[in-house]
Amino acid sequence: MNKLPETDSIKALAEFWQMHDVTDFEDALVEVTEPVLQRAEPLSVILPAADLAALRARAR
């Protein structure tokens, strides 16, 4: 049986899931009934037009 990583490192988790499939861990999955991530408060930032255009292009 494969072992799930015990880390909070986004990089380590990304590397792990690049090499593994969630179906290999079906016996370790549990149903989550409550929200896991909470929405943050909105944040407004004033950017120069060129930076805003670059940000929008990158987001696409």
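Treat the numbers as computed from the prediction; the structure is a model and nothing was measured.

Student: Is there a simple way to explain the overall build of the chain in this structure?
Tutor: A count of helical and extended segments in the chain gives two helices and zero strands. The C-alpha radius of gyration computed for the chain amounts to 18 Å, which surpasses the reference 10 Å derived for 60 residues by more than 25%, pointing to a less compact arrangement than a globule. In terms of overall dimensions, the chain has C-alpha extents of about 55 × 30 × 20 Å along its principal axes. Surface exposure of the chain reaches about 6,300 Å², of which carbon and sulfur atoms provide 56%.

Student: Help me out: how do you make sense of the pattern of salt bridges in this one?
Tutor: It is possible for side chains bearing opposite charge to pair when their charged atoms get close. Inspection of the entire model under this criterion finds one salt bridge. Taking the shortest distance from any N to any O, the salt bridge between Lys-3 and Glu-6 comes out at 3.1 Å.

Rules behind the numbers
Residues numbered from 1 in each chain as written. Predicted model: local features only at pLDDT ≥ 70, side-chain atom pairs only at ≥ 80, totals over all residues. Heavy atoms only, no water. Helix = DSSP H or I, 4+ residues; strand = E, 2+ residues; numbered from the N terminus. Rg over C-alpha atoms; globule rule 2.2 N^0.38 Å. Areas by Shrake-Rupley, 256 points an atom, 1.4 Å probe, with all protein chains shown as cover. Salt bridge = Lys/Arg side-chain N within 4 Å of Asp/Glu carboxyl O.

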